[in-house]
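Next come the chains, spelled out residue by residue.
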There are 2 protein chains.
Amino acid sequence: MPRQSFAERLAAKQREISVSEFFERNKHILGFDSATKALLTSVKEGVDNALDACQEYGVLPDLLVQIDRVDRDEYHLVVEDNGPGIVKRQVPKVFGRLLYGSRFHTWSQTRGQQGLGISGAILYGQITTGKPAVVRSKTAQDDVAYQIELLIDTKRNRPQVLKRDFQVWDREHGTRVETHLRGRFINGRQSVMEYLRATAIVNPYARIVFQPPDGARRTFDRVSSELPRPPVEVKPHPYGVELGTLLQMAKESSHRRLTAFLQSDFSRISSRVAKEICREAEVPPESHPKNLNLSRAKRIHVAFRRVKIMAPPTDCLSPIGQRLIRTGLRNVVGSLRPEFYAPPVTRPPAVYGGHPFQAEVGIVYGGELPGDRPVEILRYANRAPLLYQQGACATAQAIESVDWRRYGLEQRGGRGMPYGPAIILVHVCATRVPFTSEAKEAISPIPEIVAEIVRALQESGRRLRSHMNKKARRAKTSEKFEIVRSVLPLMAEKSAKITGRPPPDITRTIAKIMNVIWIDERVVFEDGRHRVRVQVYNYTSARKRLALHAVLPLDALDEATVQPAPTQLRADGKASWKLPWIPPTEKVVIAFELVGLGRRGYEEGDLFVSGVPTTQVVGAEPLPGDWDLEATLSEGDDLPGDPLAEEVAESG
Amino acid sequence: MPRQSFAERLAAKQREISVSEFFERNKHILGFDSATKALLTSVKEGVDNALDACQEYGVLPDLLVQIDRVDRDEYHLVVEDNGPGIVKRQVPKVFGRLLYGSRFHTWSQTRGQQGLGISGAILYGQITTGKPAVVRSKTAQDDVAYQIELLIDTKRNRPQVLKRDFQVWDREHGTRVETHLRGRFINGRQSVMEYLRATAIVNPYARIVFQPPDGARRTFDRVSSELPRPPVEVKPHPYGVELGTLLQMAKESSHRRLTAFLQSDFSRISSRVAKEICREAEVPPESHPKNLNLSRAKRIHVAFRRVKIMAPPTDCLSPIGQRLIRTGLRNVVGSLRPEFYAPPVTRPPAVYGGHPFQAEVGIVYGGELPGDRPVEILRYANRAPLLYQQGACATAQAIESVDWRRYGLEQRGGRGMPYGPAIILVHVCATRVPFTSEAKEAISPIPEIVAEIVRALQESGRRLRSHMNKKARRAKTSEKFEIVRSVLPLMAEKSAKITGRPPPDITRTIAKIMNVIWIDERVVFEDGRHRVRVQVYNYTSARKRLALHAVLPLDALDEATVQPAPTQLRADGKASWKLPWIPPTEKVVIAFELVGLGRRGYEEGDLFVSGVPTTQVVGAEPLPGDWDLEATLSEGDDLPGDPLAEEVAESG
């Protein structure tokens, strides 16, 4: 072949690749790399879509997931929701084109974001079975549902509608997608059942009916009728905008003044800030955005960082929350009766590339959890469970970068996956989760996100360690206590017998020997209530005074039952009691009751003390610095603070 | 907001997402998730493209990679090749559109496959700096180069050419791409330098000049002028074709008879096989492919599996090969003087989803490699190094699933990353590598691929273990030998003195005590040659006869120097010598010379024996079953085979 024509011959091959062709060939990128995973991914895409639709619409989700086995490895999948439905003219496009959808061009915390998920599932079904998908949709104003059979014309990435129809449907509104696909139905790890269970846990306002191909129908009932508010759309925050994108946004803006463009096309830019940016960038505020050139754009881009701009709004985020994390963990742990649930940590919102996000962590430890394996990780992104690609995930990388030896887990060299009887749950919610691929199986290890997860893990780790310390010290002191309490009275009795005198009261002696403040939490569950009693014993020989602090689960607290009333109760549930003087060998009691948590909903709180040397205290931890008590207790109040501790410790 | 209009309001938001917009927003999926990685990815896309172009064109690649620092975090990148160039009308499309290219619609082993890489890099540069890319191209028939400045119109995924120009260029033909991008240049792990070095190792026919932003120009010289043959295009193999895809192929076929369609649109379907498929499927062979319905297609799909079809052709694959793997490992290990290079394993080709692929593994062990860390993994796909996403990669998952304790590495519970002083290199080549994402950082853990890698690892692991066994047995026997050799003569001398007689010859006594056949390989490197001597000592008290086997590196072997001539030398380098009887305390020597391997190019071969009880042998392993000696040695030859062993062991 003559070289002359090589470039020409090559040119004949250079052509467009339709996005459908691309994913037909690379279906594993969409999560369809094995029959087992393909079935799970299809369910996941359907359920993600359904939950998003209901949440946007503001209705409590009522989902049906049904899987039938058609053939050796062919399954029929139905996912149905009671969302708003889709108008007739849009149905073919939404389901019959890849990269088509409503959620890509907005910034909000939704499960689906790409316009790839459900049409990808339809494409996969068509590729593997040759059969069309059936989509039914009904909006609130329709009397009957509209139903189509469609294939995707992959060469053109366009829907090919084989049949249009109207159907009577008993749902008032909603969408139903049916596909045939090659799959494999399994139970256990990474199964549809596991995925739905994990979904139900963090979306307790949803009712999901699941009909597996074999076996009985399973219903995940709604356990809360409180729908998270619909996702709030936000504009891009200036901090995350790339220079080239800024230029393009300016060119496309409908505004005619630079300040107006900045103010309305970005979040957190007020009229004052917009002017400040222009001044800092030395660009006339009245200039036309369309005329923004590279050097001016660059100066504005730099000014974004120099001018003080508020952090992105965070009301657009909907974290899972501490209670549900605990419930989630409890559910997974099942009957392994773990020893300790570290109080979950929800970090304050942070920002990556202009997107607000939030990290949450929960740890459960001990009991019958297997101790000779890597810890188990439960991952969620925007309330959707992640079951694959753990190794590639920001969550796993954050866990591997923490030195868990400090927190009582085993870990070779202080890096890598820790071993031990623990489960770690991590959730990241964001207006845009940066998934590593279109299959949305793992969160990209963006430094800002990893850092926030690490902080949450460390905070959780400290709680775990403090629990273990408490446990170790309690065990040690208990032992001493038991010896003193059993031996001394016997000795006293013996001495009394010998001397013929009545046995002396040796309580103070015991206290002198023990020399601790013993704090003990007892929880009784009855009549649907947790009755909690925190007893503070003074087993020292001097009278003592201290402040006790706890985080009360406000959503479950029956405030009328809190005895005595806390000196301070903050909106986040942090409560502080300034206790009265406790004479040696005496105690004071704090009591409160919790409702609606279910038997296993509360086991142990976090207790903190201040005002006494904490080495004397067993059963509570020193108050962490982040409680900011100075700021929150009214001034002039002599409590707590270590100066008092000295005085108190000496008196009596 | 009235519910009536909700679906309508939603419809207003439902719209097309251009593939450029999609990747603008999800640039991390293309590998641009951090400044450091973005620079590496840009280089990688340029170099992948350049090497593919040269290989297709059949010229030895001559590449320039130049990075200049423009600003704090802005870099200017140039990648230049001497490939065929691109015809003028195609330049804007190839570089200014995502999902456009020449390699997607063919099936062959190329680095680039998606039509995303280089245009993705251009998109990233434009997003982060606002600056256009400059592309220059010259084909063999052009006198001057054609040069354009272009931006990508992301809303439409179309090139926007800002400037067209002609330039005098001293290259006869080739392509040059310049981008500005936000990046960070680093040295060390996951750096551009590491990537280029790893690339040079497995593409020794390429010359790559690298000008880093600071510091001296580095040239990776061409060390071989043997260009791998251009990638061979193959048709899809029937085994990997999905039912839906089969249906669509039939509809689009230009053929009018089913048999003709099967025969020419698939690989490995002969006219006879096509007829057999039709018979098995009960579909008339003369029916028109366009009329193929689902049930017939399904029957044909089933028949594909029932009829015997040859495995896909494998001449389209170009593995790295054992020698280059060894060189690659040597290069990485540098000065750590490892104790052992396990002979690399290249598995025979296998198939996943209709694509032929091949797995290769090399292991290096010991020396000063750190022993207290997870083993280091070097990953390659289609001769391109993979530096990120190891955890998600089929290679890592294969390694983690092997029980390395059997092969002498430390591993907790026999699963997970092994620890120890070892480096494992894994290469997968395929007509289509199933990357986990468009960034081409990790190979999807497709079961067939993982299984082949596991087999290669196990084979390599066995060689590692056999080395360690050999080492351990040699050490043990050496010790005994030294004692016997130093103590016995002293005793003999003493006795002689006492009795006044001359000291006796105790060699036979030593042999009796040792009772081993000692095989020892000595390698001397001089005048650019490795002179290898394998000495077989008979340290037993009987005469011995055995066969010795070795794998000779044929590409370096000077055949004239092999002394004595092997009884058999196979095309794959497997050589067998039927040795003469060796009297007690005597030895025979086999010698050969190797040329052109460089000082560190050969250190130790694999030696095997047959014909004697292998428990008597130190320094060689029992001949593995897969040598198939029965089949390869001419019949009637009495060698080797274990029956002989008995006879031999008794004689003398």
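These figures come from a predicted structure and were not determined experimentally.

Engineer: Sorry, what's going on with the interface of chain A and chain B here?
Structural biologist: How big an interface is tends to be expressed through the accessible area that disappears when the partners come together. Across the boundary between the two partners, chain A contributes 86 residues, which contact 87 residues of chain B. Here chain A packs against chain B, burying approximately 7700 Å² in sum over the two surfaces, 51% of which is carbon and sulfur. In this assembly, chain A and chain B are joined by 18 salt bridges. Ionic pairing is found between Arg 182 of chain A and Glu 242 of chain B, a salt bridge with its closest N-O pair at 2.6 Å. On the surface where chain A and chain B come into contact, there are 31 residue pairs in polar contact (both at pLDDT 80 or more). Of all the secondary structure elements, the ones that give two or more residues to the side of chain A that touches chain B are helix H1 (6–13), strand E1 (15–16), helix H2 (19–25), helix H3 (35–57), strand E4 (100–101), helix H5 (117–129), helix H7 (243–252) and helix H10 (294–306) of chain A. By residue class, the composition of the side of chain A that touches chain B is 29 nonpolar, 30 polar and 27 charged. Sheet analysis places E4 of chain A next to strand E1 (residues 15–16) of chain B, joined by two bridges and oriented antiparallel. Bridge pairing links Gly 101 of chain A to Arg 15 of chain B in E1 of chain B.

Engineer: Just checking my understanding: could you explain the side chain of Thr 199 of chain B for this structure?
Structural biologist: All names here are of chain B. In this fold, Thr 199 is placed in helix H6 (residues 192–202). Looking at Thr 199, its side chain comes within polar contact range of the main-chain oxygen of Tyr 195, at 2.7 Å. The contacts of Thr 199, once residues within four sequence positions are left out, are Val 47, Leu 51, Ile 208 and Pro 385.

Engineer: Could you clarify how one ought to interpret the sheet that holds strand E6 (residues 145–153) of chain A in this entry?
Structural biologist: Remark on secondary structure: sheet strands pair via backbone hydrogen bonds, oriented parallel or antiparallel. Residues and elements named next belong to chain A. The mixed open sheet is built from eight strands, whose spatial order is E7-E6-E5-E8-E3-E2-E9-E10. Every other strand in the sheet has two partners, leaving strand E7 (158–167) and strand E10 (218–220) as the edge strands with one partner each. Direction aside, neighbouring strands of the sheet carry axes that sit 15° apart on average. The sheet strands contacting H3 are strand E2 (62–69), strand E3 (74–81) and strand E8 (174–182), and the helix crosses E2 at an angle near 160°. Helix-sheet contacts for H5 involve E3, strand E5 (133–138), E6 and E8, and the interaxial angle to E8 is about 35°.

Engineer: Sorry if this is basic, but what is going on with the relation of the copies chain A and chain B here?
Structural biologist: Copies of the same chain, two in number, are related to each other by a rotation about an axis and a translation along it. Mapping chain A onto chain B is achieved by rotating through 180° and translating by 0.0 Å along the same axis, at an RMSD of 0.2 Å. Such values leave the two copies arranged in the relation of a two-fold axis. Nearest to the rotation axis, the C-alpha of Gly 391 of chain A is located 2.3 Å from it, this being the minimum over chain A. By residue overlap, the copies meet face to face through one surface: 100% of the interface positions of chain A are interface positions in chain B.

Engineer: Before we go on, may I ask you to explain the pattern of salt bridges in this structure?
Structural biologist: Two side chains carrying opposite charge are able to pair once their charged atoms lie near each other. For the coordinates displayed, the defined rule picks out 76 salt bridges over all chains. When the shortest N-O distance is used, the salt bridge between Asp 62 of chain A and Arg 207 of chain A registers 3.1 Å. Taken together, the residues span a long stretch of sequence, with Asp 62 of chain A in strand E2 and Arg 207 of chain A in strand E9 (residues 207–211) at a distance of 145 residues. Among the salt bridges present, the one from Glu 233 of chain A reaches Lys 13 of chain B, with a minimum N-O distance of 2.8 Å. In this pair, Glu 233 of chain A sits in the loop between E10 and H7 while Lys 13 of chain B sits in helix H1 (residues 6–13), so the two residues belong to two different chains. For Glu 233 of chain A, a relative accessible area of 43% gives the class partly exposed. Bridged by salt links that share partners, the residues Glu 526, Asp 527, Arg 529, Arg 531, Asp 558 and Glu 593 of chain A form one connected network.

Engineer: Got a minute to help me understand the packing of helix H3 (residues 35–57) of chain B against H6 of chain B in this structure?
Structural biologist: In helix packing, the relevant descriptors are the interaxial angle and the interaxial distance, both defined with respect to the helix axes. Residues and elements named next belong to chain B. At a closest axis distance of 10 Å, the pairing of H3 and H6 adopts a crossing angle of 25°. In terms of orientation, H3 and H6 fall into the roughly parallel class. As H3 runs across H6, the sense of the crossing is right-handed. Here Leu 39, Leu 40, Val 43, Lys 44, Val 47, Asp 48 and Leu 51 of H3 lie close against H6, whose contacting residues are Val 192, Tyr 195, Leu 196 and Thr 199. For the contact of H3 with H6, the class distribution of residues is eight nonpolar, one polar and two charged.

Engineer: Whenever I open this one, the environment of Ser 495 of chain A confuses me. Can you help?
Structural biologist: Tracing the backbone through its elements, the reader meets Ser 495 of chain A in helix H13 (residues 447–499). Residues Ser 495 of chain A and Arg 462 of chain A, 33 residues apart in the sequence, show an inter-C-alpha distance of 48 Å.

Engineer: It is not clear to me how the packing of helix H7 (residues 243–252) of chain B against helix H10 (residues 294–306) of chain B should be interpreted in this structure. Could you clarify?
Structural biologist: Residues and elements named next belong to chain B. At a closest axis distance of 10 Å, the pairing of H7 and H10 adopts a crossing angle of 115°. As H7 runs across H10, the sense of the crossing is right-handed. In this structure, H7 contributes Leu 243, Leu 246 and Leu 247 to the contact, and H10 contributes Leu 294, Ala 297, Lys 298, Ile 300, His 301 and Phe 304. For the contact of H7 with H10, a count of residues per class yields seven nonpolar, one polar and one charged.

Engineer: Explain a nonpolar patch on the surface to me, please; I cannot follow it from the model alone.
Structural biologist: A cluster of nonpolar side chains, namely Val 144, Phe 166 and Val 168 of chain A, defines an oily patch on the protein surface of about 300 Å² accessible area. Along the chain, the position of Val 168 of chain A falls in the loop between E7 and E8.

Engineer: Would you mind going over the sheet that holds strand E24 (residues 607–610) of chain A with me for this structure?
Structural biologist: Residue and element names in this part refer to chain A. Read from one edge to the other, the open sheet built from five strands follows the order E21-E22-E19-E24-E26, with strand pairing classed as mixed. At either margin of the open sheet sits one strand with a lone partner, and together these are strand E21 (568–569) and strand E26 (621–622). Summarising the sheet, strand E19 (residues 547–551) and E24 pair through four bridges and their orientation is antiparallel. Following the sheet pairing, Leu 548 is matched in E24 by Val 609.

Engineer: Please explain the confidence of the model for chain A as it appears in this structure.
Structural biologist: If pLDDT is low for a region, its predicted coordinates should not be looked at in detail. Across chain A, pLDDT averages 86, with 94% of residues at or above 70. Under a pLDDT of 50 for its full length, residues 630–652 of chain A has, in the predicted model, 41 contacts with residues more than four places off or in other chains.

Engineer: Help me understand helix H8 (residues 258–265) of chain B in this model?
Structural biologist: Because the α-helix completes a turn every 3.6 residues, residues three or four places apart line up on one side. All names here are of chain B. Within the sequence span of H8, burial applies to Leu 258, Thr 259, Phe 261, Leu 262 and Asp 265. Looking straight down H8, one finds that the buried residues subtend no more than 165° of arc, so they occupy a single side. Buried-residue contacts for H8 involve H7, helix H9 (271–281) and H10.

Engineer: How do you make sense of the packing of aromatic side chains when you look at a structure like this?
Structural biologist: Where two aromatic rings form a pair, the distance of their centres and the angle of their planes describe that pair. Summed over the entire model, instances satisfying the criterion amount to 20 aromatic pairs over all chains. On the basis of an interplanar angle of 50° and a centroid distance of 5.6 Å, the ring pair of Tyr 146 of chain A and Phe 166 of chain A is categorised as tilted. Of this pair, Tyr 146 of chain A sits in strand E6 while Phe 166 of chain A sits in strand E7, and the two are 20 residues apart along the sequence. For the ring pair Phe 22 of chain B and Phe 23 of chain B, a centre distance of 5.0 Å and an interplane angle of 80° mean the geometry is edge-to-face.

Engineer: Mind showing me how you'd approach the pairing of strand E17 (residues 516–526) of chain B here?
Structural biologist: Walk down a regular strand and you will see the side chains alternate between the two sheet faces. Residue and element names in this part refer to chain B. As paired strands, E17 and strand E18 (residues 529–539) are joined by eleven bridges and run antiparallel to one another. Residue pairing across strands places Ile 519 opposite Val 536, the latter belonging to E18. Hairpin remark: E17 followed by E18, antiparallel, with two residues in the connecting loop; positive phi at Asp 527, about 50°.

Engineer: Please explain the side chain of Arg 379 of chain A as it appears in this structure.
Structural biologist: Residues and elements named next belong to chain A. Mapping Arg 379 onto the fold places it in strand E14 (residues 376–381). Although buried, Arg 379 forms no salt bridge, and the nearest oppositely charged side chain, Glu 441, lies 7.6 Å from it. There is a polar contact of 3.2 Å between the side chain of Arg 379 and the backbone oxygen of Glu 441. Residues within four places of Arg 379 in sequence aside, it is in contact with Ala 384, Pro 385, Leu 386, Leu 387, Tyr 388, Gln 389, Gln 390, Cys 393, Thr 395, Val 426, Glu 441 and Ala 442.

Conventions we followed
- Residues numbered from 1 in each chain as written.
- Chains lettered and ligands numbered in written order.
- Predicted model: local features only at pLDDT ≥ 70, side-chain atom pairs only at ≥ 80, totals over all residues.
- Heavy atoms only, no water.
- Contact = heavy atoms within 4.5 Å.
- Buried area = accessible area lost by both parts, 1.4 Å probe.
- Salt bridge = Lys/Arg side-chain N within 4 Å of Asp/Glu carboxyl O.
- Polar contact = N/O pair within 3.5 Å; in protein donor to acceptor, adjacent residues only side chain to side chain.
- Helix = DSSP H or I, 4+ residues; strand = E, 2+ residues; numbered from the N terminus.
- Nonpolar A, V, L, I, M, F, W, Y, C, P; charged D, E, K, R; others polar.
- Pairing = 2+ DSSP bridges.
- Axes fitted to C-alpha atoms, helices over the stretch in contact; angles between N-to-C directions.
- Least-squares fit on C-alpha atoms with pLDDT ≥ 70 in both.
- Buried < 20%, exposed > 50% of the residue type's maximum accessible area, 1.4 Å probe, protein only.
- Parallel < 35°, antiparallel > 145°, perpendicular 65-115°, else oblique.
- Left-handed = near helix turned anticlockwise from the far one by under 90°.
- Patch = residues over 30% accessible without salt bridge, like charges linked within 9 Å, V, L, I, M, F, W, Y side chains within 5 Å.
- Areas by Shrake-Rupley, 256 points an atom, 1.4 Å probe, with all protein chains shown as cover.
- pLDDT = per-residue confidence, 0-100.
- Arc of directions from axis to C-beta.
- Phe/Tyr/Trp six-rings, centres within 6.5 Å; stacked < 30°, edge-to-face > 60°.
- Lys, Arg positive; Asp, Glu negative; His and termini not counted.

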